[in-house]
Amino acid sequence: MAAGSTYTPIATTTLGSAAASYTFSSIPSTYTDLVLVVAGTTSVNGEAILMQYNGDTATNYSFTYLYGTGSAAASGRQSSRAYAALNWGTAFSSTEQSNAIVSIQNYANSTTYKTCIARNNNPNGSSLAGTEAIVSLWRSTAAINSILVKSGSGNMNAGFTLTLYGIQAA
Amino acid sequence: MIGAITAGLFGTGVAASTNSYESIATVTVGAGGSSSITFSSIPSTYKHLQIRAMEAYSGTGFNPKVTFNSDTGANYSWHYVLGNGSAASASAAASQSFMYINSNVAFPIPTVHIIDILDYSNTNKNKTMRTLDGFDTNGSGSGGYAVLWSGAWYNTAAINTITIANGTFAQYSSFALYGIKG
């Protein structure tokens with residue numbers, strides 16, 4: 001039933017200097033969904049932004065993506081990877097601001113695997129500019145209590161912002 | 001026993017809010033599954049609605065169908081653009097009796113949906129909705145889909161009921177309805 005305001009910022013940061021990763025830890029289990037918003041540039045032009053949950057670096061992740069580059073649409077898949085992805089068919093730029101919003105739904109349940117879905121927008125400046133929808137699976141029933149966000153091969157540049165929200169259902 | 005779940009909103013007030021995004025109702029499927037999910041008596045006090053869902057099928061897979069105000073006439077249309085892991089494709093259908101969202105899989109792998117229903121209580125315009133949804137199976141079975149949907153309901157009535165149905169939703173499937181103020 002109606003329960004009032006429910007879209008709550010949990011933590012936010014603006015990188016003061018370039019960093020290869022940033023971790024949201026001790027995420028409370030009191031929300032229904034998490035939403036992570038990232039925006040900025042990366043040291044590598046044509047970079048992927050990736051996630052790992054609960055410190056799991058094993059190949060328990062996979063993702064399917066749909067993207068358009070401005071001249072064509074395409075789709076791809078990566079299975080048995082060591083990370084979930086916020087982008088893959090398109091890429092973050094070293095010069096122009098890119099962004100991604102990822103929703104991690106029912107992150108705290110201990111019954112199902114975890115699926116997240118992201119939309120990203122990567123403008124001109126990247127070697128892989130375009131727009132994308134990407135869905136990632138983590139093959140674990142554990143509740144998610146930490147999220148490591150990392151740049152695929154380089155750094156997230158100074159000024160890169162990462163904000164985590166919690167959405168609480170009635 | 002498979003039943004249908006309705007989340008009624010009679011007699012409930014909306015608590016004072018500190019922002020513009022509010023939880024209206026949530027349906028979580030219990031043991032035995034459910035053949036449909038219904039949000040009824042949706043208040044008209046918001047600007048937009050959003051449904052955030054995590055679900056799977058029980059028995060045989062299916063594409064969930066969305067209808068408004070129990071209208072099962074041929075008053076809907078839909079489009080999609082889909083990625084299946086190897087290619088992108090698109091399709092559309094007019095004069096339909098429902099709007100699709102993405103096909104689902106079996107737990108423990110969930111399909112997730114984010115459905116936006118815009119200007120749902122405006123009586124001067126037909127209604128549109130958009131959906132971002134998908135799943136990934138780590139390469140087994142269909143492998144997964146990432147999908148962008150649009151849907152239209154050719155009716156200017158305010159939406160007060162949303163039904164999602166087709167096959168059987170499995171236990172633990174969860175649908176949460178939110179209101180966004182204008």
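Note that the structure is a prediction, hence the values are computed from the model and not measured. (Residues numbered from 1 in each chain as written. Chains lettered and ligands numbered in written order. Predicted model: local features only at pLDDT ≥ 70, side-chain atom pairs only at ≥ 80, totals over all residues.)

Chemist: Would you mind going over the overall build of chain B with me for this structure?
Modeler: When its secondary structure is counted, chain B shows zero helices and 13 strands. Helices and strands in chain B line up, N terminus first, as β-β-β-β-β-β-β-β-β-β-β-β-β. The C-alpha atoms of chain B give 16 Å as radius of gyration, which agrees with the globular expectation for 182 residues (16 Å, within 12%). For the C-alpha atoms alone, the extent of chain B along its principal axes is close to 45 × 35 × 35 Å. If you take every contact in chain B between residues at least 6 apart in sequence, the share linking residues at least 24 apart comes to 77%. (Helix = DSSP H or I, 4+ residues; strand = E, 2+ residues; numbered from the N terminus. Rg over C-alpha atoms; globule rule 2.2 N^0.38 Å. Contact = placed C-beta atoms within 7 Å.)

Chemist: Sorry if this is basic, but what is going on with the overall build of chain A here?
Modeler: When helices and strands are counted, chain A shows zero helices and 12 strands. For chain A, the sequential pattern of α-helices and β-strands runs β-β-β-β-β-β-β-β-β-β-β-β. Over its C-alpha trace chain A gives a radius of gyration of 15 Å, about what one expects of a compact globule, namely 15 Å for 170 residues. C-alpha atoms of chain A, sized along the principal axes, occupy 45 × 35 × 30 Å. When burial is assessed residue by residue, chain A has 47% of its 170 residues classed as buried. (Buried ≥ 20, exposed ≤ 12 C-beta atoms within 10 Å, placed from the backbone.)

Chemist: In this structure, what is going on with the environment of B:Val147? I would like to understand it.
Modeler: Residue and element names in this part refer to chain B. Mapped onto the fold, Val147 is located in strand E11 (residues 144-153). We classify Val147 as buried; it has 25 C-beta atoms within 10 Å. In contact with Val147, not counting residues within four places along its chain, are Tyr80, Leu82, Asn102, Asp133 and Gly134.

Chemist: Explain the interface of chain B and chain A to me, please; I cannot follow it from the model alone.
Modeler: Where interface size is given, it is often the accessible area lost as the parts come together that is meant. Contact with chain B, which involves 46 residues of that partner, is made by 41 residues of chain A. When contributions to the side of chain B that touches chain A are tallied by element, the ones reaching two or more residues are strand E2 (21-28), strand E4 (48-55), strand E6 (76-83), strand E9 (111-118), strand E10 (127-136), E11 and strand E13 (174-180) of chain B. Here the side of chain B that touches chain A takes six residues from E2(B), the largest share from any one element.

Chemist: Would you mind showing me how to read the sheet that holds strand E2 (residues 21-24) of chain A here?
Modeler: By definition, the strands of a sheet pair up through backbone hydrogen bonds, in either a parallel or an antiparallel sense. All names here are of chain A. Taken in spatial order, the four strands line up as E2-E11-E4-E7 in an open sheet, and their pairing is antiparallel. Two strands bound the open sheet, and with one partner strand each, they are E2 and strand E7 (84-85). In this sheet, strand E11 (residues 147-151) lies alongside strand E4 (residues 49-53) in antiparallel orientation, the contact comprising five bridges. By the bridge assignment for E11, Leu50 is matched with Lys150. (Pairing = 2+ DSSP bridges.)

Chemist: Got a minute to help me understand the sheet that holds E2(B) in this structure?
Modeler: All names here are of chain B. Taken in spatial order, the eight strands line up as E2-E13-E4-E9-E10-E11-E6-E7 in an open sheet, and their pairing is antiparallel. Two strands in the sheet have a free side with no partner beyond their single neighbour: E2 and strand E7 (88-96). If you compare each strand with its neighbour and ignore which way they point, the axes differ by 15° on average. Strand direction decides the pairing type here: E4 and E13, joined by seven bridges, are antiparallel. Across the sheet, the residue bridging to Arg52 is Ala176, located in E13. (Axes fitted to C-alpha atoms, helices over the stretch in contact; angles between N-to-C directions.)

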